[in-house]
Every structure is written in structure tokens, then in C-alpha cells.
Amino acid sequence: MEKRVTFRGWMLPLLLIAPQVLVSAVFFFYPAAQAIWQSLFIPDPFGLSSQFVGLGNFEFLLGDKFYRAAFVTTAVFSLLVTLCSMIPALFLAVIADRLIKGSGVYRTMLIWPYAVAPAVAGVLWLFMFNTRVGVVSWYLGQLGYDWNHVLNGGEAMGLVVVASAWGRISYNFLFFFAALQSVPRSVIEAAAIDGAHFWRRFFTIVLPLLSPTAFFLLVVNVVYAFFETFGVIHTITGGGPQQSTTILVYKVFSDGFVGQDLGSSSAQSVILLVVVGLLTVIQFKYVEKRVHY
Amino acid sequence: MQSHKGNYSETLNAGIAAFRAQEQPDILMVFEVGTATMMAAKGAVRPVYEVMAESGASFDPDAYIGAVKGYYTTTEGDMLSLPFNSSTPVLWVNRDAFEAAGVDPDMDLSTWENVGSALDALKAGGEDCPLVTAWQSWIHLENFSAYHNVPFASKDNGFAGLDTELMLNGPAQIAHLTAMQDWAEEGKFIYTGRRNEGGANFRAGDCALFTESSAGYAGISSEAEFEFDVRPLPYWKALVDEPQNTIIGGASLWVMAGKDAENYKGVGEFLSFLSSSDVQSAWHQNTGYLPITTEAGVATRAAGFYEQNPGTDVAVIQMTTKEPTANSKGLRLGSFDQIRGIIDEELEGIWSGDKTPQEAMDSAKERGDALLRRFEQANG
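A quick note: this is a predicted structure, and the numbers were derived from the prediction, not measured. (Residues numbered from 1 in each chain as written. Chains lettered and ligands numbered in written order. Predicted model: local features only at pLDDT ≥ 70, side-chain atom pairs only at ≥ 80, totals over all residues.)

### Concerning the overall build of chain A
Looking only at helices and strands, one finds 12 helices and two strands in chain A. Each principal axis of the C-alpha atoms in chain A carries an extent, and together these give about 75 × 75 × 30 Å. Counting only residues that meet the buried cut, chain A has 32% of its 293 residues in that class. Sequence-distant contacts, at least 24 apart, represent 70% of the contacts inside chain A between residues at least 6 apart. (Helix = DSSP H or I, 4+ residues; strand = E, 2+ residues; numbered from the N terminus. Buried ≥ 20, exposed ≤ 12 C-beta atoms within 10 Å, placed from the backbone. Contact = placed C-beta atoms within 7 Å.)

Put into C-alpha cells, the structure is as follows:
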């Protein structure tokens, strides 16, 4: 039987949630409402006049094959960033967990990249892969591979994925590491006595026990790939070559702040809002069912 | 009070945001690409000719060089913003690279036909980077069109109305891009990026030829450890007997609305000071940007600057020998910053061999026109 603590009356609970509601209202609900309102207009950049177009902005967007292509790019990009940041993080965490000496140093070093801002991370990777002065592109050249992310869309995508995932590995590592520490030793030891080798124990015992953490990270990383990778893309590729690295958020920026088309930009924000809402619902409805708490 | 807000696009955004918050500066520096956006914002800006008349400062519209002021002047001849830093594309030659490849650096490079054979010879002589460019859309499409006197967009390149459409997929442009695509495929033209990334390659001495703004002068002359030349931008002999003028890039100063009469008096005097011959001559000689008044150009020549620094007058000559036509006065297109982005994307499709020039430019036209229609709707 679940035990519930209930408040008597309305005043105290309202007062307690007021700060959170206020912050949400000012910083989330109000801007979101503004975006929805503005998505119904085509304003001029200076805000001197605007005309009501109803759903015209949405029609314009959905009829634009490049906007539809940005959906695919975003899906590919988010999937790759999530995989490339979670799998190595898990691997590193498992290894760090096995360390007896020096795990503190190892841990601290692994966390450092998280402190690097996305735009700076972008510039760092760009330096390494710069087609003219980059160290990595020079070595690749020595091996006979002509690296040119300025013209090759696949290479550009690879580069932004790596640059975006790099800092996230630290973040994911931290969570996986903490979760590994909380896996009961007795279960693992029992399995070991039964003769299960390390990877067998990992896949049948540890991984299922990590699933709540993995699920949390999945949600967080997808949201990260959607929204916070802007700096990396802006510094490395600017969305190119052609449109191969233009993700939805980047298009919001380029239409709104390069094109000064605030109507279309607002409409895109609204679409993004819906997409992320749907994604979260799907994640909680289907993926969570497979998670063991 | 001056304040720096980042690159051209960021400055325009900061200006717009400031205007929306009613904190706008007296003067906003806007790049040429933002001209249509500023022009359409009738309540946000005050035309320069009007401000000058009211302030009583000395102002003679005829003192400004036609090809420079044309970009910022209405079809009736009223100056809307004051041209400030204006440059035009030229051809930069690394003479040492020519000699190293066994090619005569003094050869005639005035036509693309000749440049083509120079590229063949450079490549054959072992040069890895015969040609590189900056600002591909500005140089190889916008200026290319003006220089060959073909329209870049309908309605006099947008000067005569918002209902303009891109015409960059015409036969002249396609012919040029086809040649460029062949050069890219053969490793004679090296693509380095959408902005002026190629400048680093050229200044380091890695490339033989470089199409870049005349304003690259300050950087190239201070960094280059090789002999260099400035030549006029090449033209296709097969397309025109002699080239028209090139158009400018750079920025102009816009006077923002909503200030006191006293402020505008000060603004008028400041703009008049900036246009004075001494200021303009110093500016032109130190930066490689064009002088905005005829007088500053004459004074620079009289001071012997062009003899001491050969090639610095190439841009001036290229801009001023011919009276601008409707195709070479400039461009006035809404959302042009973003249209350039589209053109960049499509050009990348050409350089990588994914698209034929015709396919790419047809697509650029279709996508650009969609943005022009939206701009027309927002500002019409």
C-alpha cells in the first residue's frame, strides 16, 4: 500500500510551488506563447509592421524540401551524437570501475572535456581537421586520404558529431560511473562464483541494473543533440557543405538571424517544441517500459 | 560612443534588436548585403540626403564616385546611406609561385581564357594550388554578372522593385561556373570555404592566384613573404569585348530614426568629416578600400601613392572607367545574406561534382526566389 502525505488546505502547497511556477512562467511559458503567437505573422525585421498569415508560415515550411531534409539531418545527427557519446562513456566507466589504484585521477581527467564550451570545442576540432593546417588532416594526407570536410558532406557530419559527442562523453561517464558503483557487489560475486565471466556478468546483470541511468542519459543526450550543439555547428561548418549539417535548430538561427525572417523562425520553434514534446512522450511511454528500476 | 558588435550579420542584428528596444544608435554600419533590408525599413532609418540637408553640413552628392554611391542611391538619385568601406574584387598574383612553376608572371591575365592556360601551365609545373577564391558568390556570380553586363536579378537587380527574381542561371554565369567546375575537378581551383578562408593559403604563399577583395591589400602586403601583383578581375573574351565595371562590397553608414534634431546636426557634420578628402585619402591608402569621393582618388594619385605602390589603383580603375549600367549599379535584394548562403550551398554542390552548374543555379534561383517572395510579403 502506497503511503501518501497530503497537505491540508491550498495555501501552503501553492506557496511552495510558486517559485518554480513563476520561473517556468517567465522563462518558459511566456516565450513559448510568444513564439506561437509570432508564428502566425510575417513581421518586418524592425517590428514596424506585421501581417497576419494564419498558418501560412507552417505551409511555407512544410512545402520546403530543404526544411524536410533538415528533419532527416537532425535525426541522423542526434542518433550519432547519442551513440558516440554514450557507448564510449559506458566503456570508460566500466574500465574505471575496475581500477583499484588511481581511479580518482583517471576520473578527474575524464571529466575535464565537459568544462569546454561547445563553441570552443568546435574550434579545437576544427584546428585539428583544418584542411590546410590541421594536424589530423595532415596525417591523413600522409596515409593517402584526402580529408576535405569543406566539400565532403559525410566528413563534415562526422566531424560535427565527434566534436559534439566529445564533451558529452565526460558527462555520461560521470553518470555511468556513479551508477556502476551502486550495483550491489554481492550479486556480481554470486554470478562470479557460478562461473559467469566478466562480459557475461556485464550483459546479464550490470547492464539491466544500469538501465534507469542509461534511459535518463538517452533523453538528456537527445535533447542536447537537438538544442545545444548549435555552437559546434556554427563554428565548424555553418551548416554546410550544401545543407549536410543544417539541423533544425541551426535553421531556426539562420532563418531568424541571418535571414531576418522572424515569422518562419517562430514557426520552426513551434514545430521543434512539438517534436521534442512527442519525442519525450515516446521515450517515456515505450522506452521506459523496458527500464528496470 | 562607438561599439563593436561582431561581424556584419551580427552588427545588423544588434542594430535591429536595439531599434526594437528603442535604444538604437545614431549611426549603424550595415554591409551592402543588408541594403534592401534597411531601405525597406522606412520608419527605422532616415535617408542621408535628408539628414544632410537639415543639418546644413556641406554635402555634394556629385562628389561621390558613381559606382560606389550607386549601390546606396535610389533610382531617383537620392543617397540613402553614406558609403563607407567599399572594395571590389581583383586578381592577386603570387609571382614567386609562377616562377617556381616555370610560368611567366608577367603574362596577360586579363581574361579568363588566359587565366585558364596559366592554370594549365601552373598545374603542369607542379603547383598544387593554382587558384583559390574568397567570397565565391560575391566574386564569381554577383561581380561576374555586373562585369559582363548581364543581370543577376530582374527589375534592374532589384533596384526597380521588390518583385524581383534571380537571374543567376543565365548562359553567361553557367559558362563561367562550368569552367570553374572543370578547374576544380582537375585540381586547378581549390575550394577552401564560404568566406575568405582562402586568404590564409594565399598569404602563406601556398597558392598562385587568388580572387579576393581589393581590401585584402592590408593583410597581403603585411604578411606575404613573396612578390605579389594586383591585376584587374579577369573577364571572358568569348562573352564580352571589354568588361563593364565591377560592383562594390563592404558597408555603408545608415542614420537611424527617432533621435533629437540636435543629434542629427552632429551626425551630418560627422558624415561630412568622413567624406572629406584627407580622411578618405588616408583611408584608401592604408586599407585598400576604395576612396568614396573622386577628389580623394585624385589627391592620392597626385601624392604619388599609386607609383610607389603599384597595383593599388587597379580597383579604382576597374570601378570607374565605365559608367555603371542597370546590371552593374549594384544589387538590392531582400534576405540577401541568406540568399548568399543558398548560393554558397549550391556552389559547393558544383565544386564537389554533385551537381551540374545548370542544376545548381536553377535550384539556387528557385530557393532564392522563395525568400524574395517572403521578403516582398513582409515589406510590400
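On we go.
### So, the overall build of chain B
Assigned secondary structure in chain B consists of 18 helices and nine strands. For chain B, the C-alpha radius of gyration of 21 Å lies close to 21 Å, the compact-globule estimate for 380 residues. Seen through its C-alpha atoms, chain B measures out along the principal axes to roughly 65 × 50 × 35 Å. The buried share of chain B, taken over its 380 residues, is 53%. Of the contacts made within chain B by residues no fewer than 6 positions apart, 75% connect residues no fewer than 24 positions apart. (Rg over C-alpha atoms; globule rule 2.2 N^0.38 Å.)

### Overview of the interface of chain B and chain A
In many analyses, interface size is given as the accessible surface area lost on bringing the parts together. Of the residues lining the interface, 31 residues belong to chain B; the matching set on chain A comes to 22 residues. When residues of the side of chain B that touches chain A are traced back to their parent elements, those giving at least two are helix H1 (8-20), helix H2 (35-40), helix H10 (198-203), helix H17 (336-351) and helix H18 (357-379) of chain B. Per-element tally for the side of chain B that touches chain A: the top contributor is H17 of chain B, with eight residues. Split by residue class, the side of chain B that touches chain A holds 10 nonpolar, 14 polar and seven charged. (Nonpolar A, V, L, I, M, F, W, Y, C, P; charged D, E, K, R; others polar.)

### Considering H17 of chain B
Residue and element names in this part refer to chain B. Between its first and last C-alpha, H17 extends 22 Å over 16 residues, near the 22 Å set by a 1.5 Å rise per residue. Of all the 16 residues making up H17, 16 are buried; the element is thus mostly covered by neighbouring parts of the structure. Looking one or two places after H17, you find Gly353, whose phi comes out positive at around 85 degrees. (Expected span 1.5 Å × (residues − 1).)

### Let's talk about the environment of Ala153 of chain B
Residues and elements named next belong to chain B. Mapped onto the elements, Ala153 comes out in the loop between helix H7 (136-147) and helix H8 (154-157). By the C-beta count within 10 Å, which is 25 here, Ala153 ends up buried. Setting aside its immediate chain neighbours within four residues, Ala153 contacts Gly158, Thr164, Glu165, Leu166, Met167, Leu331 and Leu333.

### Digging into the sheet that holds strand E5 (residues 131-133) of chain B
Residues and elements named next belong to chain B. Taken in spatial order, the five strands of this open sheet run E6-E5-E7-E4-E8, and their pairing is mixed. In this open sheet, the two strands that pair with only one neighbour each are strand E6 (189-190) and strand E8 (228-231). When E5 meets strand E7 (residues 209-213), the two strands line up parallel, connected through three bridges. Looking at the pairing, Thr133 lines up with Thr211 of E7. (Pairing = 2+ DSSP bridges.)

### Here we look at unusual backbone geometry
The omega torsion of the bond from Gly240 of chain A to Pro241 of chain A falls at -10 degrees, within 30 degrees of zero and hence cis. Within the secondary structure, Pro241 of chain A is located in the loop between helix H10 (230-236) and helix H11 (248-258). Although it is not a glycine, Asn157 of chain B adopts a positive phi angle of roughly 55 degrees. We classify Asn157 of chain B as buried; it has 25 C-beta atoms within 10 Å.

### A closer look at the confidence of the model for chain B
Atomic detail in the predicted coordinates should be set aside for any region of low pLDDT. Taken residue by residue, chain B gives an average pLDDT of 93. The fraction at 70 or more is 100%. Our summary of model confidence lists the complex with pTM equal to 0.88 and ipTM equal to 0.81. (pLDDT = per-residue confidence, 0-100.)

### A word on the environment of Met128 of chain A
All names here are of chain A. If you trace the backbone, Met128 turns up in helix H5 (residues 118-129). Judged by the 16 C-beta atoms lying within 10 Å of it, Met128 is partly exposed. Put simply, Met128 and Trp138 are 10 residues apart on the chain and 8.9 Å apart in space, counted from C-alpha to C-alpha. With residues near it in sequence (within four places) discarded, Met128 still touches Gly134, Val135 and Val136.

### Notes on the packing of H11 of chain A against helix H12 (residues 262-287) of chain A
Residue and element names in this part refer to chain A. Two elements in contact, H11 and H12, have axes separated by 8 Å at closest approach and are oriented at 160 degrees. In terms of axis orientation, H11 runs roughly antiparallel to H12. Crossing angle aside, the handedness with which H11 passes H12 is left-handed. The residues of H12 that touch H11, namely those facing Leu248, Val249, Lys251, Val252, Asp255 and Gly256, are Leu262, Ser264, Ser265, Gln268, Ser269 and Leu272. Tallied by class, residues from the contact of H11 with H12 come to five nonpolar, five polar and two charged. (Axes fitted to C-alpha atoms, helices over the stretch in contact; angles between N-to-C directions. Parallel < 35°, antiparallel > 145°, perpendicular 65-115°, else oblique. Left-handed = near helix turned anticlockwise from the far one by under 90°.)

### What to know about the pairing of strand E9 (residues 249-256) of chain B
All names here are of chain B. With eight of its eight residues buried, E9 lies for the most part within the structure. By the alternation rule, side chains of E9 split into Gly249, Ala251, Leu253 and Val255 and Gly250, Ser252, Trp254 and Met256, which are all buried. With five bridges joining them, strand E1 (residues 27-31) and E9 adopt antiparallel strand pairing. Bridge assignment links Ile27 to a residue of E9, and that residue is Val255. Relative to E9, strand E2 (residues 45-46) runs antiparallel, the two being bridged by two bridges. In the sheet register, Arg46 faces E9, and the bridge partner there is Val255. In the sheet, strand E3 (residues 82-87) pairs with E9 via five bridges, with the strands oriented antiparallel. Its bridge partner lying in E9, Pro83 is registered against Ser252.

### Concerning the pairing of strand E4 (residues 89-94) of chain B
All names here are of chain B. Counting buried positions over the six residues of E4 gives six, a clear majority of the element. Alternating residues of E4 divide into Pro89, Leu91 and Val93 and Val90, Trp92 and Asn94, and every residue in both groups is buried. Bridge analysis of E4 against E8 gives four bridges, and the strand direction is antiparallel. Bridge pairing in E8 links Val93 to Asp229.

### Describing helix H14 (residues 294-302) of chain B
Residues and elements named next belong to chain B. Among all positions in H14, only Ala296, Gly297 and Thr300 are buried. Take H14 and look down its axis: the buried residues cluster within an arc of 100 degrees, on one side only. Where H14 is buried, its residues meet helix H13 (277-287), helix H15 (305-308) and helix H16 (314-320). (Arc of directions from axis to C-beta.)

### Quick notes on the domain arrangement of chain B
All names here are of chain B. Structurally, chain B comprises domain 1 (8-86 + 248-320) and domain 2 (89-245 + 334-379). On a C-alpha basis, the centroid separation for the pair domain 1 and domain 2 is 26 Å. Opposite the 19 residues of domain 1 that make contact, domain 2 presents 22 residues. Mapped by element, the contributors of at least two residues to the side of domain 1 that touches domain 2 are H2 and H16. Here the side of domain 1 that touches domain 2 takes four residues from H16, the largest share from any one element. (Domains from an automatic or database assignment.)

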